[in-house]
Amino acid sequence: MVVLADSDTRWKWGVLTARRLAPDAAVDGLLLRGRATPTPRQLAEVGVAVDSLREVTTAEFLRAATAPGAYDMVVLACVGGAVQAMLHGLRRAAADGVASGAAASGGAASEGAAAAGAACGESAAGAAVGSGPDGELPARPVVVTGYVGVVYEKLTDGLLLRHGADLVLANSPFDAYRFRAVYEGVGADAGSVAECALPFLEGTAAPAPAETGDGPFTVVFAVQPSVPAGRADRAYLLRRAVQHALRHPEREVLIKLRSKPGEHTTHIEELPYQKLVRKLPGGRDGANGGLPPNCRLVYGHMGEILDRARHTGGLLVTVSSTAALESLHRGVPTAVLTDLGVREALGNHYFTGSGCLASWDELDDGLLPEADEKWVLRQGVRGGDGFAAARDRVTRLVGRAASGGLPPLAPYYTVRTAPGYLPGILRRYGLEQDGSPGARSSTEAADGLGAAGRGAVRRVVREAARGAYRHGVQRVAPLIRKAGEL
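Residues numbered from 1 in each chain as written. Predicted model: local features only at pLDDT ≥ 70, side-chain atom pairs only at ≥ 80, totals over all residues. Heavy atoms only, no water.

Observations concerning the overall build of the protein
When helices and strands are tallied, the protein shows 17 helices and 13 strands. Every one of the 486 residues in the protein was classed for burial, and the buried ones make up 53%. Pairs at least 24 residues apart make up 72% of the contacts formed inside the protein by residues separated by at least 6 positions. Just so you have it, the protein exposes about 20,500 Å², and 55% of that area is on carbon and sulfur atoms. (Helix = DSSP H or I, 4+ residues; strand = E, 2+ residues; numbered from the N terminus. Buried < 20%, exposed > 50% of the residue type's maximum accessible area, 1.4 Å probe, protein only. Contact = heavy atoms within 4.5 Å. Areas by Shrake-Rupley, 256 points an atom, 1.4 Å probe, with all protein chains shown as cover.)

Looking at the sheet that holds strand β2 (residues 28–32)
Strand order in this open sheet of seven strands is β3-β2-β1-β4-β5-β6-β7, and the pairing throughout is parallel. Strands with a single pairing partner mark the edges of an open sheet, and in this sheet they are β3 (52–56) and β7 (193–195). Strand-to-strand twist across the sheet, computed as the mean angle between neighbouring axes with direction ignored, equals 25°. As judged from the three bridges shared by strand β6 (residues 167–170) and β7, these two strands associate in the parallel manner. Across the sheet, residue Leu169 finds its bridge partner in β7, namely Ala194. (Pairing = 2+ DSSP bridges. Axes fitted to C-alpha atoms, helices over the stretch in contact; angles between N-to-C directions.)

Considerations on the pairing of strand β8 (residues 218–222)
The buried fraction of β8 is high, at five of five residues. Side chains of β8 alternate between two faces, with Thr218, Val220 and Ala222 and Val219 and Phe221 buried alike. In this sheet, strand β9 (residues 252–256) lies alongside β8 in parallel orientation, the contact comprising five bridges. When the bridges of β9 are listed, Phe221 appears paired with Ile255. Crossover handedness for the path β8 to helix α8 (residues 231–247) to β9: right-handed. The pairing of β8 with strand β11 (residues 315–318) spans four bridges and is parallel. Paired with Val219 across the two strands is Leu315, which belongs to β11. (Right-handed = clockwise from strand over helix to strand, strands pointing away.)

As for helix α6 (residues 155–162)
A large share of α6 lies buried, amounting to six of its eight residues. Taken together, the buried positions of α6 are Leu155, Gly158, Leu159, Leu160, Leu161 and Arg162. Trailing α6 by a residue or two, Gly164 shows a phi angle of about 115°, which is positive.

Some points on the packing of α6 against helix α7 (residues 173–185)
Direction vectors running N to C along α6 and α7 enclose 75°, while the axes themselves pass 10 Å from each other. Overall, the two elements α6 and α7 adopt an arrangement that is roughly perpendicular. Mapping the contact onto sequence places Leu155, Thr156, Leu159, Leu160 and Arg162 in α6 and Arg178, Phe179, Val182 and Tyr183 in α7. When its residues are assigned to classes, the contact of α6 with α7 shows six nonpolar, one polar and two charged. (Parallel < 35°, antiparallel > 145°, perpendicular 65-115°, else oblique. Nonpolar A, V, L, I, M, F, W, Y, C, P; charged D, E, K, R; others polar.)

Side note on the pattern of salt bridges
Counting across every chain of the model gives 19 salt bridges. Of the charged contacts, one joins Lys12 and Glu326 as a salt bridge, the two residues approaching to 3.8 Å between their closest N and O atoms. In this pair, Lys12 sits in helix α1 (residues 8–21) while Glu326 sits in helix α11 (residues 323–329), placing the two residues 314 residues apart along the sequence. Classification of Lys12 as buried rests on a relative accessible area of 13%. Where Asp364 meets Arg240, a salt bridge forms, and the shortest distance between an N and an O atom there is 3.0 Å. Note that Asp364 is positioned in helix α12 (residues 360–364) and Arg240 in helix α8, a separation of 124 residues in sequence. For Asp364, a relative accessible area of 7% gives the class buried. Residues joined in a network through salt bridges with shared partners are Lys12, Asp307, Glu326 and Arg330. (Salt bridge = Lys/Arg side-chain N within 4 Å of Asp/Glu carboxyl O.)

Here we look at the packing of aromatic side chains
One pass over the full model with this rule turns up nine aromatic pairs. Where Tyr147 meets Phe179, the ring centres are 5.5 Å apart and the plane angle is 50°; that geometry is what we call tilted. Here the residue Tyr147 occupies a position in the loop between β5 (142–146) and α6, and Phe179 occupies one in helix α7, the gap between them amounting to 32 residues. The exposure class assigned to Tyr147 is buried, which follows from its relative accessible area of 11%. Taking relative accessible area as the criterion, Phe179 reaches 1% and is therefore assigned buried. Pairing Tyr413 with Tyr421 gives two aromatic rings, centres 5.4 Å apart and planes at 90°, and the pair type is edge-to-face. Residue class for Tyr421 comes out partly exposed when judged on its relative accessible area of 31%. Here a set of aromatic residues connected by ring pairs shows up, and it is made of Phe174, Tyr350, Phe351 and Trp375. Positioned over the ring face of Phe217 is Arg251, at 4.0 Å from the centre of the ring. (Phe/Tyr/Trp six-rings, centres within 6.5 Å; stacked < 30°, edge-to-face > 60°. Lys NZ or Arg CZ within 6 Å of the ring centre and 35° of its normal.)

Observations regarding the sheet that holds β8
Ordered in space as β10-β9-β8-β11-β12-β13, the six strands form an open sheet in which the pairing is parallel. Unpaired on one side and paired on the other, β10 (295–298) and β13 (357–358) mark the two borders of the sheet. With respect to the sheet, α8 is in contact with β8, β9, β10 and β12 (334–337), its orientation differing from that of β9 by roughly 160°.

A look at the nonpolar core
In this structure, Trp11, Val144, Leu169, Phe221, Ile255 and Val317 are the most contacted members of the largest nonpolar core, which totals 86 residues. Element by element, the count of residues in this core is highest for α1, at six residues. Not counting chain neighbours up to four residues away, the residues in contact with Leu169 comprise Trp13, Thr17, Leu21, Val144, Thr145, Gly146, Tyr147, Phe179, Ala194, Cys196 and Ala390. Tyr71, Ala85, Leu160 and Leu431 belong to the second largest nonpolar core, which has 45 residues in total. (Core = buried A, V, L, I, M, F, W, Y, C linked by side-chain atoms within 4.5 Å.)

Notes on the side chain of Thr312
Here Thr312 is to be found in the loop between α10 (302–311) and β11. Since its relative accessible area comes to 7%, Thr312 is described here as buried.

Observations concerning the confidence of the model for the protein
In low-pLDDT regions, the fine details of the predicted coordinates are not to be read closely. Looking at the protein as a whole, its pLDDT mean stands at 85, while 77% of the residues score no less than 70. Below a pLDDT of 50 lies the segment residues 107–128, which in the model reaches 37 contacts outside its immediate sequence neighbourhood of four places, other chains included. Ignoring residues within four places in sequence, the model shows residues 444–449, a span with pLDDT below 50, making seven contacts including any to other chains. (pLDDT = per-residue confidence, 0-100.)

Here it is as structure tokens:
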């Protein structure tokens, strides 16, 4: 199987999901070239291994994923727009394969393909995508997608962009109910929704009681790249973490960062905490300047850091990070901050009813929140084998694909249902309206995309562009906003 990912967290989700769905299968990794393509350091920190790994464009991915006999399953671990584009690209590539086979055997695939396209609401120009003559189904892999964590915003938009995959994984019974409701509400097929669990929650039985000892009580503050977004709010949270460390010198406060300066994650981080630390009194010297001795910035694998908190009887604090679910899964007391309000914009509204909502004042006074067990079960944090049903569905789909082929992928969005939306998404990923690679991609393929000299030049230009983008996001944009406030 193959995993396509476009950021560090989605890479982690995609590979672990593939391993849970098909534990014995070989897994290849493809990183979609773009703004948030993870660096080698980020990949190492995530800590998941694959049999092979390389960076690709949209056209390169489509060629690799649809090569005859290449893969039984594709996991699309990408942002919604990328998933939608790849679904249309895979649909077109599979249909082209059927048409080529029919032409080689003297058949004519256009009529059957046009009928299939028309059934999906496409125009005549884009209708030559579907099954072949005599109902021949395209030889294609099973396509799986889903979400990397808590789904608290853009639910409808994100789900419809993922519609068309064979399986859309829901990370909890709660999510499965919401996903089906959205699909049914717009008249789309909801049969692709499959309930499972977050793949990094290995085994979902109730945890043993929290341990004590093994070092000082550890407080892990899991920060987020874009929540909250404003400088004042982010500076406030940092100050409160520092004040907690000063008030409890017997505790160790770890500010868990997602990325180093210059790296990008799933969400854009305009105001890294590494820079905010320098604004603290005495904060100009060293990475931890301005922090008391028992408070420091840390990187690393979240699971390992949470295990440290667990072994010391510690605590996780966050605004709305998916780390909260990992923490609850491990039985670590978990605080979802209310200091900035409980608001959809922050994502902490997702945790209403969890028993985890708390403020820094309450934590300073010694509160250790206790999670509501019914809520935890509803969110898929604990229970049985969350992947059993999804694994069974994948096995059956792979069997169908091998024995007679699978129906053409049929996303909800087509050039007929969303003519003002879909074409822009496809163009962003280098595809035409019918899902075929654009002229630039075709020219590159014909000229030999892998030429060493040209590839080296592209890499240099790409890194320069990424650097300029990061500089604009992290340096220029804040200055413009600040000037606008004067």
